[in-house]
Amino acid sequence: MKNKLWTKDFTLITMANLLMAVAFYFMVPILPVFLTDNFFATESQIGLVLSFYTIAALLIRPFAGYALDAMGRQSIYVVSLLLFSTMFFGYLWATSILFVLIVRFMHGLTWGSMSSAGSTIAVDLVPLKRRGEGIGIFGLSMTIAMAIGPLIAIAITGDGSFERLFYSAAGFSFLGLVLALFVRIPKVKRVKKKFKVSSLIEKKSLPVSLNMFLVTIPYGGIISFIALYGRSIGIESSGLFFLLLALGIAISRIVSGKSFDRVGPKKICIMGLGLLIVGLPVLAFYQSFIGYHVAALILGFGFGVIMATFQAIANHNVEPEKRGAANSTYLTFFDFGIGLGMLLVGFLIQVMDYAGAFVLCAAIEVLALVVFIYYTMPKFKIASRNDSL
């Protein structure tokens, strides 16, 4: 029983995360279309609106991490999830791009706090010897949401009923809140320390978090503009792209999580980054139905390996009372990369079209590979050796 993974509480937190994530992914393919159809937004304006969500999450995560360690997990998680669910109604009242920008920023604050708390609680519930597998499975809830969220959103929107979509997103999220109320969160020693800026960052998680920042720049651009890119090459629905992307992430998350527990991260991360370096040029140059969807599968496998393994590295040598800071550090850089990717790719598309933007994204993944081999892995080995002394 000590090493049991699928406890009632882990199942509930994973299901709550799934429902919250479905609501989140409702917005990914639809919001750019919503902005274009209702406010005639350009790619740069869309990138700005989308990035504000991530910027807000980026700003709140360090403070959320400190609060999780100093004040406890449950109250922060439940209140954040309640506010996150409520914010979907703000889109119903939008009358301008500026209004959506403000709503998006407020929504991002709740997302950053809630997802930091949920990830930390999940790590608390996972047995140490199955941490890689457990983190991979918890993250799989986000992946399943990535697969079904856009498909359900496209079906709900149908004839352009954005109002129906926003109500549905709120409903899914509130259901997740109900499940979260029944999770029994393990008691973790609270950190009694004065608030300092240095306490917002967990230094042991910093190297891999910086590496994740580079990886997620292309990811932010892809999930934001893939629907519009599909339209530009004659593919009207991006639903199958998200389904294949999620399928690749799901399979690779499960496999890479178990591999981390057995053999460590180096080989599987090099493979994952290699897939990203290949998949982005495929997306850029094979502008057809087949090329578009083959790239989705390749990128899914690559992102899945990296997301699962990097988060396991971020939590590997961290004391339980510092997991809030560790997860918030990792997720802060994760969000920072996505936010920058939304802005950067939106700008690049207007300057050098989609193909040029995706090729530049591939170059960023090459840099991420170099950083992983020569910076992240040496730091991880040093930390592991020091902890074993």
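In this text the structure is predicted, and so the values were computed from the model without any measurement.

Chemist: Explain the overall build of the chain to me, using residue names and the numbers behind them.
Modeler: On a plain count of helices and strands, the chain comes out with eleven helices and zero strands. Listed N to C, the secondary structure of the chain is α-α-α-α-α-α-α-α-α-α-α in terms of helices and strands. Buried residues in the chain amount to 60% of all 389 residues. Considering only residue pairs separated by 6 or more positions, the chain has 88% of its internal contacts joining residues 24 or more positions apart. For the chain, the accessible area works out to roughly 15600 Å², and carbon and sulfur atoms hold 71% of it.

Chemist: Tell me what's going on with the packing of helix 1 (residues 8–39) against helix 4 (residues 97–125), and back it up with residues and numbers.
Modeler: Put simply, helix 1 and helix 4 touch, their axes get as near as 11 Å, and they point 160° apart. Compared by their axis directions, helix 1 and helix 4 come out roughly antiparallel. Regarding helix 1 and helix 4, the two cross each other, and that crossing is left-handed. Only Ile97, Val100, Arg104, Trp111, Met114, Gly118, Ile121, Ala122 and Leu125 of helix 4 make contact with helix 1, whose side of the interface consists of Asp9, Phe10, Ile13, Met20, Phe24, Met27, Leu31, Phe34, Leu35 and Phe39. The residue inventory of the contact of helix 1 with helix 4, partitioned by class, reads 16 nonpolar, one polar and two charged.

Chemist: Explain the side chain of Ser252 residue by residue, including any values.
Modeler: In this fold, Ser252 is placed in helix 8 (residues 239–263). A polar side-chain atom of Ser252 sits 3.2 Å from the main-chain carbonyl oxygen of Ile249.

Chemist: Could you give an account of the packing of helix 2 (residues 43–71) against helix 4, with specific residues and numbers?
Modeler: Where helix 2 contacts helix 4, the two axes come as close as 6 Å, and the packing angle between them is 35°. Crossing angle aside, the handedness with which helix 2 passes helix 4 is right-handed. For the contact of helix 2 with helix 4, the class distribution of residues is 18 nonpolar, eight polar and two charged.

Chemist: With reference to specific residues and values, describe the packing of aromatic side chains.
Modeler: Applying the stated criterion across every chain, the model contains 23 aromatic pairs. For the ring pair Phe241 and Tyr292, a centre distance of 5.0 Å and an interplane angle of 50° mean the geometry is tilted. With Phe241 in helix 8 and Tyr292 in helix 10 (residues 289–316), the pair connects residues that are 51 residues apart, well separated along the chain. Accessibility classification places Phe241 together with Tyr292 in one group, the buried group.

Chemist: Please give an account of a nonpolar patch on the surface that cites residues and values.
Modeler: On the surface, Leu151, Leu240, Leu243, Phe289, Ile290 and Val294 cluster together to form a nonpolar patch covering roughly 530 Å² of accessible area. No other element matches helix 10, which puts three residues into the nonpolar patch. Note on placement: Ile290 falls in helix 10.

Chemist: I'd love a proper account of the pattern of salt bridges, names of residues and values included.
Modeler: Tallied over the entire structure, the rule returns three salt bridges. A salt bridge links Asp124 to Arg73; the shortest N-O distance between them is 2.8 Å. Here Arg73 lies in the loop between helix 2 and helix 3 (74–86) and Asp124 lies in helix 4, a separation of 51 residues in the sequence. Accessibility assignment for this pair places Asp124 and Arg73 in one class, buried. Residues joined by salt bridges that share partners form a network here, namely Lys8, Asp9 and Arg184.

Rules of the game
- Along each chain, numbering runs from 1 in the same order as the chain's sequence is written.
- Local features are withheld for residues below a pLDDT of 70 in this predicted model, meaning they are given only at 70 or higher, and side-chain atom pairs are given and counted only at 80 or more; totals for whole chains, interfaces and linings count all residues.
- With hydrogens and water set aside, each side-chain value is computed from the structure's full complement of heavy atoms.
- In this text, helices come from DSSP runs of H or I with a minimum length of four residues, and strands from runs of E with a minimum of two, each type numbered from the N-terminal end.
- The rule is simple: take the accessible area with a 1.4 Å probe, protein chains only, and divide by the maximum for that residue type; under 20% is buried, over 50% is exposed, in between is partly exposed.
- Whether two residues are in contact is decided by their heavy atoms: any pair within 4.5 Å suffices.
- Surface exposure here means Shrake-Rupley accessible area, sampled with a 1.4 Å probe, where a residue is shielded only by the protein chains that are shown.
- Angular values range over 0 to 180 degrees, each being the angle between N-to-C directions of two axes fitted as lines to C-alpha atoms, with helices fitted over their stretch in contact.
- Roughly parallel means an angle under 35 degrees; roughly antiparallel, over 145; roughly perpendicular, 65 to 115; everything else is oblique.
- By the definition used in this description, the sense in which the near helix is turned from the far one sets the handedness, with an anticlockwise turn below a right angle giving left-handed and a clockwise turn giving right-handed.
- Note on residue categories: nonpolar means Ala, Val, Leu, Ile, Met, Phe, Trp, Tyr, Cys or Pro, charged means Asp, Glu, Lys or Arg, and polar means any other residue, Gly included.
- As used in this structure description, the phrase polar contact means that two N or O atoms lie within 3.5 Å; if the pair is within protein, one of them must be able to donate a hydrogen and the other to accept it, and residues adjacent in sequence are counted only when both atoms belong to side chains.
- Only centres within 6.5 Å qualify two rings of Phe, Tyr or Trp (six-membered ring in Trp) as a pair; their planes then separate them into stacked at under 30 degrees, edge-to-face at over 60, and tilted for everything else.
- Candidate patch residues must exceed 30% relative accessible area and have no salt bridge, after which like charges are joined if within 9 Å and Val, Leu, Ile, Met, Phe, Trp or Tyr side chains if within 5 Å.
- In what follows, salt bridge is the name for a side-chain nitrogen of Lys or Arg lying within 4 Å of a carboxyl oxygen of Asp or Glu.

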